[in-house]
Structure formats: structure tokens, C-alpha cells
Amino acid sequence: EADIYQTPRYLVIGTGKKITLECSQTMGHDKMYWYQQDPGMELHLIHYSYGVNSTEKGDLSSESTVSRIRTEHFPLTLESARPSHTSQYLCASSEIGNYGYTFGSGTRLTVV
Amino acid sequence: DQQVKQNSPSLSVQEGRISILNCDYTNSMFDYFLWYKKYPAEGPTFLISISSIKDKNEDGRFTVFLNKSAKHLSLHIVPSQPGDSAVYFCAARTGNTPLVFGKGTRLSVIA
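Fair warning: this is a prediction, and the values are worked out from it, not measured in the lab.

Asker: Whenever I open this one, the overall build of chain A confuses me. Can you help?
Answerer: Secondary structure assignment for chain A yields zero helices and eleven strands. Each helix and strand of chain A, ordered N terminal to C terminal, gives the series β-β-β-β-β-β-β-β-β-β-β. Over its C-alpha atoms, taken along the principal directions, chain A stretches across nearly 40 × 25 × 25 Å. Here chain A holds 112 residues, and 46% of them are scored as buried. Residue pairs at least 24 apart in sequence account for 53% of intrachain contacts in chain A once pairs closer than 6 positions are excluded. Accessible area of chain A: about 5300 Å², with a carbon and sulfur share of 50%. Computing the positive centroid from 9 side-chain charges and the negative centroid from 12, chain A places the two 7 Å apart.

Shown next as C-alpha cells:
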């Protein structure tokens, strides 16, 4: 079944640690996105990619990096986690020309 | 500055009645609008969309209305069911750009 997977679902980590949030999709979509969302707030775009070796920054990208070496894989890395990074991180993908996104289940990150 | 605004954080509706969720936008260049539904601890799921060249799109119990002159769109759910209880996000885009989302409206359908 085609889908988009995020791991881990939940993560509690100490301040200063480096973490990578994984996102993989089996639909062959060219476009992938990372959004951050806090309760009662809008989804904020962190990074996006329109294909292999192509990445762009969104509104909240300054403290994280992404890579797109394979079409199906779009990991997000925080080099040094801080309590302000505590949030839900949502990965999504879409086809070129298709305006709808398919979202993963999200990673709930807590930095203590 | 928020380009997509959902000014009602929450809405409660009786089962069987109509739910109306509203969304306003400021960017007149937006040409495609979408509604997503989100349950706790899950990612948003696509519900319905509308192009700026239309003023209405219907899919079963869900209808989206677009008023471009007022920069306003609304989602109507008729009849509302308890399973519709979720957070609803309005989103918009210009051409090939990533979606811009509102803050969401929490809908509670009371049995």
C-alpha cells in the first residue's frame, strides 16, 4: 500500500543532542515537505524539495537541515536540539501538478 | 503576517445539523484552496479543494464555497456526524508554491 512513513512517532531528547527525523514515501512523489505545528497554530513550512538533490528553505528552516538523495527519502536533522524545538513535525509529499498533499502521521518531539 | 486566517478556534454543532467553517485570506494571487482534517496524533488528511476559477465544489456531505471578491472561503458539512469531530485546516497556494495553512478550527459534533 502506497503511503508516507515518519519515524519515530514520539521522541524525548536532551538539549544539545543531534537528531534526525525520518520520512519515507512509497508513492514515487517528486515533491516532499516538512512542516512544524504546535497546538492551535498553523503549520509552518520548514523545508521542501521538488526532486532529488533539490532542497529549499521555508519559514523556520534556520535551525535544521534536510537532504534529498533518493526520491523516497527526505530526512530532517536538528544539529543541536533546544527546548524551543519541542513541537510536532509533519512530513508530506505530492505529485507534480497535483495540488493535494499526503501527510505522514508526524513525529512528536520533546526536548528537555 | 498571516496570509490564511481561520478566526474561529473552535465550533460546536449538534449531530445532523450543518457545520460551517470559515477561512479568510489576504493574498489575491492564491489560485487553489484546500481543506484538511486532522485528528490528534495523526497527520492532516485531504478533504476537498477548489480552484480559483470556481465558486463551489461539492463532494458528498462536504461543500466548499469560494468568494474571491471577499477573499473568503467556507466549508459546509451536512449533515454533521460525531466522526467529523477534528481540527480543520484551510490551506492555499499560488502556482507551484508550497501550501500556506491557517491555524485550524476545532469542530466538535455533539451527539
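Asker: Could you clarify how one ought to interpret the pattern of salt bridges in this entry?
Answerer: Two side chains bearing opposite charge may form a pair once their charged atoms approach each other closely. Residues and elements named next belong to chain A. Applying the stated criterion across every chain, the model contains four salt bridges over all chains. Between E63 and R82 there is a salt bridge; the shortest N-O distance is 2.5 Å. Linking E63 in the loop between β6 (54-57) and β7 (65-66) with R82 in the loop between β8 (76-78) and β9 (87-94), this pair joins segments that are 19 residues apart in sequence. Residue E63 is classed as partly exposed on the basis of its relative accessible area, which comes to 36%.

Asker: Explain the sheet that holds strand β6 (residues 56-59) of chain B here, please?
Answerer: The strands making up a sheet associate through hydrogen bonds between their backbones, and the pairing can be parallel or antiparallel. Residue and element names in this part refer to chain B. If you trace the five strands from one edge of the open sheet to the other, you get β1-β3-β8-β7-β6, paired in antiparallel fashion. The two strands at the open ends of the sheet, each matched to only one other strand, are β1 (4-5) and β6. Across two bridges, β1 lies against strand β3 (residues 19-25) in antiparallel orientation. By the bridge assignment, V4 is partnered in β3 with Y25.

Asker: Even after reading the chapter, I still don't get the pairing of strand β3 (residues 19-25) of chain A, so can you show me in this structure?
Answerer: Consecutive residues of a regular strand have side chains that alternate between opposite faces of the sheet. Residue and element names in this part refer to chain A. Here β3 shows one buried face, formed by I19, L21, C23 and Q25, and one open face, formed by T20, E22 and S24. The pairing of strand β1 (residues 4-7) with β3 spans four bridges and is antiparallel. Counted as the bridge partner of Q6 is C23 from β3. Two elements, β3 and β8, share three bridges in a ladder whose sense is antiparallel. The partner of T20 across the bridge, within β8, is T77.

Asker: Whenever I open this one, the side chain of B:S74 confuses me. Can you help?
Answerer: Summarising the element assignment, B:S74 is placed in strand β8 (residues 72-77). In this structure B:S74 touches B:I20, B:L21, B:N22, B:W35, B:T63, B:V64 and B:F65, once residues within four positions along its chain are discounted.

Rules behind the numbers
Residues numbered from 1 in each chain as written. Chains lettered and ligands numbered in written order. Predicted model: local features only at pLDDT ≥ 70, side-chain atom pairs only at ≥ 80, totals over all residues. Heavy atoms only, no water. Helix = DSSP H or I, 4+ residues; strand = E, 2+ residues; numbered from the N terminus. Buried < 20%, exposed > 50% of the residue type's maximum accessible area, 1.4 Å probe, protein only. Contact = heavy atoms within 4.5 Å. Areas by Shrake-Rupley, 256 points an atom, 1.4 Å probe, with all protein chains shown as cover. Lys, Arg positive; Asp, Glu negative; His and termini not counted. Charge placed at Lys NZ, Arg CZ, Asp CG, Glu CD. Salt bridge = Lys/Arg side-chain N within 4 Å of Asp/Glu carboxyl O. Pairing = 2+ DSSP bridges.

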